[in-house]
Amino acid sequence: MIDITRVSQLTGKRHTLKLPLTDDQLADGLWYMEYEKMNVQDAFPMLDADQREFIQTGITAEEWETLGGDE
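In this text the structure is predicted, and so the values were computed from the model without any measurement. (Residues numbered from 1 in each chain as written. Predicted model: local features only at pLDDT ≥ 70, side-chain atom pairs only at ≥ 80, totals over all residues. Heavy atoms only, no water.)

> Before we go on, may I ask you to explain the overall build of the chain in this structure?
Scanning the chain from terminus to terminus reveals 4 helices and 2 strands. Of the regular secondary structure in the chain, the N- to C-terminal order runs β-β-α-α-α-α. Here the chain, with 71 residues, has 32% of them falling under the buried criterion. Counting only contacts in the chain whose residues sit at least 6 apart along the sequence, the fraction spanning at least 24 positions is 42%. Carbon together with sulfur atoms contributes 46% to the accessible area of the chain, which is approximately 4900 Å² in total. (Helix = DSSP H or I, 4+ residues; strand = E, 2+ residues; numbered from the N terminus. Buried < 20%, exposed > 50% of the residue type's maximum accessible area, 1.4 Å probe, protein only. Contact = heavy atoms within 4.5 Å. Areas by Shrake-Rupley, 256 points an atom, 1.4 Å probe, with all protein chains shown as cover.)

> Explain the environment of Pro20 to me, please; I cannot follow it from the model alone.
Take Pro20: it is sitting in the loop between strand E2 (14-19) and helix H1 (23-36). By relative accessible area, which is 36% here, Pro20 ends up partly exposed. In this structure, the C-alpha to C-alpha distance between Pro20 and Met1, residues 19 residues apart in sequence, is 4.4 Å.

> Help me understand the pairing of E2, please; the structure alone is not making it clear to me.
A regular strand carries its side chains on alternate faces of the sheet. Pairing of strand E1 (residues 2-7) with E2 involves 6 bridges; the strand directions are antiparallel. The residue of E2 that forms the bridge with Ile4 is Leu17. Counted along the chain from E1 to the antiparallel partner E2, the turn is 6 residues long, and its residue Gly12 has a positive phi close to 80°. (Pairing = 2+ DSSP bridges.)

> In this structure, what is going on with a negative patch on the surface? I would like to understand it.
On the surface, a cluster of negative charge is contributed by Asp48, Asp50, Glu62 and Glu65. Inspection of the secondary structure assignment puts Glu65 in helix H4 (residues 61-67). (Patch = residues over 30% accessible without salt bridge, like charges linked within 9 Å, V, L, I, M, F, W, Y side chains within 5 Å. Salt bridge = Lys/Arg side-chain N within 4 Å of Asp/Glu carboxyl O. Lys, Arg positive; Asp, Glu negative; His and termini not counted. Charge placed at Lys NZ, Arg CZ, Asp CG, Glu CD.)

Listed below in structure tokens is the structure:
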């Protein structure tokens, strides 16, 4: 488990989540997404959709719910 901090692209707020990854998995996954155009769900199959969204955009599930993003 590692703490990952991102700034939300929706609100500009800084959030930190503890995710079930190692530093190596995060580095490898982001490298593939950047250079090989791997889909985030392929790079991080162990994460749920909300966790993958957070890695990409910094947007939390709570922010989506507040804005009605699940509708």
